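Residue-level structural notes
Residue strings, one per chain:
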Amino acid sequence: MHTCRAKKTWRGGWTTIIVTLLFAMVVIVPGTQAADEKISGRVTAHFTKMETMEVGDIPGHVLGIAQQAGLMFYSTGEVAKKTATFHYDFMKGKGTFVDYSIYTDRDGSTRFIKAVGTAGPVDDGKKFVIEGTFECIGGTGRYEGDNGTGTFKGERLGEIKTGGDAYYDFSMNCKKP
């Protein structure tokens, strides 16, 4: 005896597979990728506390630690409060620094930034330029999980020892989770 089995065929074919893959690429994948946000603006700060020590190896070699308070003005019009602690290593008035800043927005969200840069006099000592790079090392609220890097450049006005001020313009690419 011969048994005959009916063959089942799938009628969806390649069209169903292609439509499913396109849907996944257009709708699902972009939702799982980090969004990039370009941030720019200006920061102003006042030196609120300062400690320095002569190293003693070369005249004019000074190590210091300082604190700042100030404001960040985003190009979007938003404003955040800045607090920072940084240390520096200067030889005859110029050198390097590392800055750890906390920026707090009006809604309480915070960004934690680490900056590394150089500072020193230019134009025969008429200006004191600060510049460098920074990275977002954390955050809370709407900045939770953010990361990114950027650059800044600005100027210090007055002496740090007497509570000088500083401003700098920045640009940052921030990745949102």
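Residues numbered from 1 in each chain as written. Predicted model: local features only at pLDDT ≥ 70, side-chain atom pairs only at ≥ 80, totals over all residues. Heavy atoms only, no water.

Quick look at the confidence of the model for the chain
- Summary statistics for the chain give a mean pLDDT of 85 and a share of 79% for residues scoring 70 or more.
- Throughout residues 26-33 the model reports pLDDT below 50, and contacts reaching past four residues in sequence, or to other chains, amount to 3 contacts. (pLDDT = per-residue confidence, 0-100. Contact = heavy atoms within 4.5 Å.)

Things to note about the environment of Thr 48
- Locating Thr 48 in the fold gives a position in strand E1 (residues 35-54).
- Distance from Thr 48 to Gln 67, taken between C-alpha atoms, is 5.7 Å for residues 19 residues apart in sequence.
- The residues touching Thr 48, leaving out its near neighbours within four places in the chain, are Gln 67, Gln 68 and Ala 69. (Helix = DSSP H or I, 4+ residues; strand = E, 2+ residues; numbered from the N terminus.)

What about the packing of aromatic side chains?
- In this structure the tally under the stated criterion is 9 aromatic pairs.
- Measuring from ring centre to ring centre gives 6.4 Å for Phe 134 and Phe 170, while their planes differ by 70 degrees; the resulting arrangement is edge-to-face. Note that Phe 134 is positioned in strand E6 (residues 127-140) and Phe 170 in strand E8 (residues 165-176), a separation of 36 residues in sequence.
- By relative accessible area, Phe 134 is classed as buried at 8%.
- In this structure Phe 170 comes out as buried when scored by relative accessible area, which is 8%.
- Arranged with centres 5.1 Å apart and planes meeting at 50 degrees, the rings of Phe 152 and Tyr 168 form a pair that is tilted. Taken together, the residues span a long stretch of sequence, with Phe 152 in strand E7 (residues 147-157) and Tyr 168 in strand E8 at a distance of 16 residues. The pair Phe 152 / Tyr 168 is uniform in exposure class, with both members buried.
- Through pairs of rings, three or more aromatic residues link up here, namely Phe 47, Phe 86, Tyr 88, Phe 90, Phe 97, Phe 128, Phe 134, Phe 152, Tyr 168 and Phe 170.
- Between Arg 111 and the ring centre of Tyr 143, over which it is positioned, the NZ or CZ distance is 3.8 Å. (Phe/Tyr/Trp six-rings, centres within 6.5 Å; stacked < 30°, edge-to-face > 60°. Buried < 20%, exposed > 50% of the residue type's maximum accessible area, 1.4 Å probe, protein only. Lys NZ or Arg CZ within 6 Å of the ring centre and 35° of its normal.)

Quick word on the pattern of salt bridges
- Scanning the entire structure with this criterion turns up 7 salt bridges.
- As a salt-bridge pair, Asp 169 and Arg 42 come within 2.7 Å of each other at their nearest N and O atoms. Of the two residues, Asp 169 sits in strand E8 while Arg 42 sits in strand E1, which places them 127 residues apart along the sequence.
- With a shortest N-O distance of 4.0 Å, Asp 99 and Lys 82 are connected by a salt bridge. Note that Asp 99 is positioned in strand E4 (residues 94-105) and Lys 82 in strand E3 (residues 79-91), a separation of 17 residues in sequence.
- Relative accessible area serves as the criterion here: at 8%, Asp 99 is assigned to the buried category.
- Residue classification places Lys 82 among the buried residues on the basis of a relative accessible area of 0%.
- Overlapping salt bridges, with partners in common, bring together Glu 78, Asp 105, Asp 107 and Arg 142 in one network. (Salt bridge = Lys/Arg side-chain N within 4 Å of Asp/Glu carboxyl O.)

Remarks on the state of the cysteines
- For the structure shown, the criterion picks out 0 disulfides.
- Looking at Cys 136, it has no disulfide partner, and the nearest cysteine sulfur is the one in Cys 174, 5.1 Å off.
- By relative accessible area, Cys 174 is classed as buried at 0%. (Disulfide = S-S within 2.5 Å.)

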